[in-house]
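Overview (structure and organization)
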Amino acid sequence: MALSTHVPDLAALEVLLGVAQEGSLNSVARAVGVSQQAVSARIRAMEAQTGVTLVHRSPRGSRLTAEGVVIAEWAARLLGVAAEMDAGIAALRADRRDRLRVSASLTIAEQLLPGWLSSFRAARRPGSAAPEILLTAINTTTVIAHVTEGTADLGFTEGPQRPAGLHGRVVGHDRLAVVVTPGHPWARRRRPVGAAELAATPLVSREGGSGTLDTLTAALAAVLGRGTPQVVPALSLPTTAAVRSAALAGTAPAVISELAVEDDLATGRLVTVRTPELDLRRTLRVIWDGAATPPSGVARDLIAHITRRDQPGRTRRPASGAQPATGTGNPRRSAA
């Protein structure tokens, strides 16, 4: 409910409470660091605002009227609550400086954030306390929900989704690959796998709501048209690590970020299948709620660190039959 114009502000109530406690306008003036005339003017303005005489002045000093005593009692309770609120706000500010809740999609959480957070801690000034960073690894859809609901201060997403109502910044790119074991027929064939054949093949992939599945679905739709059915997956798994394990076991062709299988491709444990019809590149974003600029404190410092740090790529030895990476840039290099 809206207050009437007769309610004084907190600063005026502090002056009134000071008169009740000190019994002298001079003492109040010294306490708040203003002149006695300024205190008198503040009292007169409060009396005009409330329509009530608050202070009785005499040569022996100043004392509250009966009405002034009642209002001072209310003011004491109100100022007590305001002090609690002030302390609570200070605690929230300190918490934002010292603690950060991060939700991240699986590829970013497993492949990139450990390095980013490690270098962030190392880059802090000597002697400064390291912030507490609480990381939750989930799929992209749930990351967006966490940030929207306020249970995460920052979110990291991958894939085509641009969350409505949230702000964000690009922090990098990666690319999905279709991979198989060296003994799979696709590893030996000369011609590439087309979009229609891939859509008709049971694959190992992430679950619905993940950036991996969203990117694959969008890439197939761009070639085959929206609404084109995809065959039921061979396995739908909740983590990138589980997809990699299933791929290494030879369960079925798998769709996974190249970042997660770099070593497997380099050693030949897995082979990339050529799919030139599909654009499987992904944008990696950090997202937040509120103002257009990132939240102050640890959140803003972390984003600045990620977007400005040098993240050189590693030279990758192509595995036998692997599809060379062309035109995708360095997936580990961040972009503002």
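All values reported here derive from a predicted model rather than from experimental measurement. (Residues numbered from 1 in each chain as written. Predicted model: local features only at pLDDT ≥ 70, side-chain atom pairs only at ≥ 80, totals over all residues. Heavy atoms only, no water.)

Time to look at the pairing of strand E1 (residues 55-58). Note that E1 and strand E2 (residues 61-64) share 4 bridges and pair antiparallel. Among the inter-strand pairings, His 56 is bridged to a residue of E2, identified as Arg 63. (Pairing = 2+ DSSP bridges. Helix = DSSP H or I, 4+ residues; strand = E, 2+ residues; numbered from the N terminus.)

This paragraph deals with helix H1 (residues 10-22). The terminal C-alpha atoms of H1, which comprises 13 residues, lie 18 Å apart, in line with the 18 Å expected from a rise of 1.5 Å per residue. The N-cap residue of H1 is Asp 9: its side-chain oxygen and the backbone nitrogen of Ala 11 are 3.3 Å apart. Phi turns positive, to about 70°, at Gly 23, one or two residues after H1. (Expected span 1.5 Å × (residues − 1). Polar contact = N/O pair within 3.5 Å; in protein donor to acceptor, adjacent residues only side chain to side chain.)

Attention now goes to helix H3 (residues 36-50). End to end, H3 covers 21 Å across 15 residues, agreeing with the expected 21 Å (1.5 Å per residue, within 8%). Here H3 has its buried residues at Val 39, Ser 40, Ile 43, Met 46, Glu 47 and Thr 50. Down the axis of H3, the smallest arc covering the buried residues is 125°, so these residues share one side. For H3, the exposed residues set more than 90 degrees away from the buried face come down to Gln 37 and Ala 48. (Buried < 20%, exposed > 50% of the residue type's maximum accessible area, 1.4 Å probe, protein only. Arc of directions from axis to C-beta.)

Moving on, we get to the side chain of Glu 158. Within the element layout of this structure, Glu 158 appears in strand E5 (residues 154-158). Separated by 2.7 Å, the side chains of Glu 158 and Ser 105 make a polar contact. Beyond its immediate sequence surroundings of up to four residues, Glu 158 is in contact with Ser 105, Leu 106, Thr 107, Ile 108, Thr 140, Gly 211, Thr 212, Arg 282, Thr 283 and Leu 284. (Contact = heavy atoms within 4.5 Å.)

Read these as spatial facts, not as claims about activity.
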